[in-house]
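Take a look at the letters that make up each chain.
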Amino acid sequence: MIATRRFRLPSPALLAAVALLAGCSNSGSPPSKAKGPITPVDPATAGSIEVQVAFTGSPPTPKVINMSGTAACAALHSTPVLEQSVEVKGGRLANAVVYIKSGLGDRAFAVPSEPVVVDQKGCLYEPRVVAVMVGQPLQFRNSDQEAHNVHGRPQVVNAWNFLMSRPNSTREVFFDKPEVGIPVSCDVHPWMRAYVSVFDHPYFAVTPDDGTVTLNTVPPGDYVVGVWHETLGTLTKPVSVPASGSPRLQLTYPES
Ligand SMILES: [Cu+2]
């Protein structure tokens, strides 16, 4: 059934918007890599920071996504699809972005060349929350027969908006500045939502179901750790990493 389904044609207004924005997209070539000579981190003294993100109280009841407006998307799901914004299991919060917010000074870090991939599958983004380094490729993939457009709405970096109409096509976006929590949406399917965070260092991670991540190879020093969540906001906490130390932190939503 899926293989014979015809593509849904995007509206003329959408095509016009995509064409208009094509010239100012930041989805072209990668920018220059690190911001200067890479500052080595001494493995003999580097430590780590384990961060647990907790949620107290009753999480909101997830809403069922209504895909009935696009039959081709609804047909891809045999059971109701729940909205994924606040995912709590056992008091731990998934899909929160943990990162070093300050304390790294003007250190420069190597930029990974492998992309972080966001798939469009079942008319949903998978994963919903991702993070990359400045200069690292963020690759969008379309595993659906359905056409999607990828519309980033940042505050700091340049916006982007392009159409992905071919199944199994990919397209990469690069960022030249840090920004936390950039919303990404599809103008064809209004329920589709993803969030991209961009950092100028490698000390970040998205929490899995157990709400716990470890930031590794951290130089000794005093830092502020941040946690960002799409609806619950940002928490911060100071931490000191002694030489070869491994402090543990817990940050808890909602903020009290
Ligand atoms: Cu879409």
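The following refers to the structure shown. (Residues numbered from 1 in each chain as written. Predicted model: local features only at pLDDT ≥ 70, side-chain atom pairs only at ≥ 80, totals over all residues. Heavy atoms only, no water.)

### Quick word on the nonpolar core
Here is step 1 of the chain: With 35 residues, the main nonpolar core has Ile49, Val51, Val53, Val98, Ile100 and Val218 as its most contacted residues.
Here is step 2 of the chain: Core analysis: the second largest hydrophobic core is formed by 30 residues, Val130, Val157, Met192 and Val196 among them. (Core = buried A, V, L, I, M, F, W, Y, C linked by side-chain atoms within 4.5 Å. Buried < 20%, exposed > 50% of the residue type's maximum accessible area, 1.4 Å probe, protein only.)

### Focus: the sheet that holds strand E5 (residues 116–121)
Sheet strands pair via backbone hydrogen bonds, and the direction of the pair is either parallel or antiparallel.
Here is step 1 of the chain: What the 4 strands build is an open sheet, ordered E6-E5-E8-E11; its pairing is mixed. Both edges of this open sheet fall to strand E6 (124–126) and strand E11 (169–173), since each of them pairs with a single strand only. Each strand of the sheet is rotated relative to its neighbour by a mean of 25°, with strand direction disregarded.
Here is step 2 of the chain: Strand direction decides the pairing type here: strand E8 (residues 138–142) and E11, joined by 5 bridges, are antiparallel. Of the residues in E11, the one forming a bridge with Arg141 is Thr170. (Pairing = 2+ DSSP bridges. Helix = DSSP H or I, 4+ residues; strand = E, 2+ residues; numbered from the N terminus. Axes fitted to C-alpha atoms, helices over the stretch in contact; angles between N-to-C directions.)

### With respect to the state of the cysteines
Here is step 1 of the chain: Inspection of every chain in the model, using the stated rule, returns 1 disulfide.
Here is step 2 of the chain: Each sulfur in the disulfide pair Cys73 and Cys123 lies 2.0 Å from the other. Judged by the sign of its S-S torsion, about -70°, the cystine formed by Cys73 and Cys123 is left-handed. Note that Cys73 is positioned in helix H2 (residues 71–74) and Cys123 in the loop between E5 and E6, a separation of 50 residues in sequence. As far as burial versus exposure is concerned, Cys73 and Cys123 are alike and both buried. (Disulfide = S-S within 2.5 Å.)

### Notes on the coordination of the copper ion
Here is step 1 of the chain: At the metal site, the copper ion is ligated by His148 (ND1), Cys186 (SG), His189 (ND1) and Met192 (SD), and these contacts range over 2.0 to 2.7 Å.
Here is step 2 of the chain: One can describe the site at the copper ion as irregular: its 4 donor atoms subtend angles covering 89 to 137° at the metal.
Here is step 3 of the chain: Considered as a linear motif, the donors of the copper ion on their single chain read H-x37-C-x2-H-x2-M. With His148 in strand E9 (residues 148–152) and Cys186 in the loop between strand E12 (179–185) and strand E13 (193–199), this residue pair connects regions lying 38 residues apart in the sequence. (Donors = N, O, S within 2.8 Å, 3.2 Å for Na, K, Ca; no water. Tetrahedral: all angles 85-135°; square planar, octahedral: opposite > 155°, others 65-115°.)

### Structural notes on the sheet that holds E9
Here is step 1 of the chain: Read from one edge to the other, the open sheet built from 5 strands follows the order E7-E13-E12-E9-E10, with strand pairing classed as mixed. Single-partner strands in this sheet number two, and they are strand E7 (129–133) and strand E10 (160–164). Neighbour-to-neighbour, the strand axes of the sheet open up by a mean angle of 25°, direction not taken into account.

### Side note on the environment of Asp144
Here is step 1 of the chain: On the secondary structure map, Asp144 appears in the loop between E8 and E9.
Here is step 2 of the chain: Looking at Asp144, the relative accessible area reads 3%, which means it is buried.
Here is step 3 of the chain: Residues contacting Asp144, with those up to four places away along its chain left out, are Leu76, Gln120, Lys121, Gly122, Cys123 and Pro167. (Contact = heavy atoms within 4.5 Å.)

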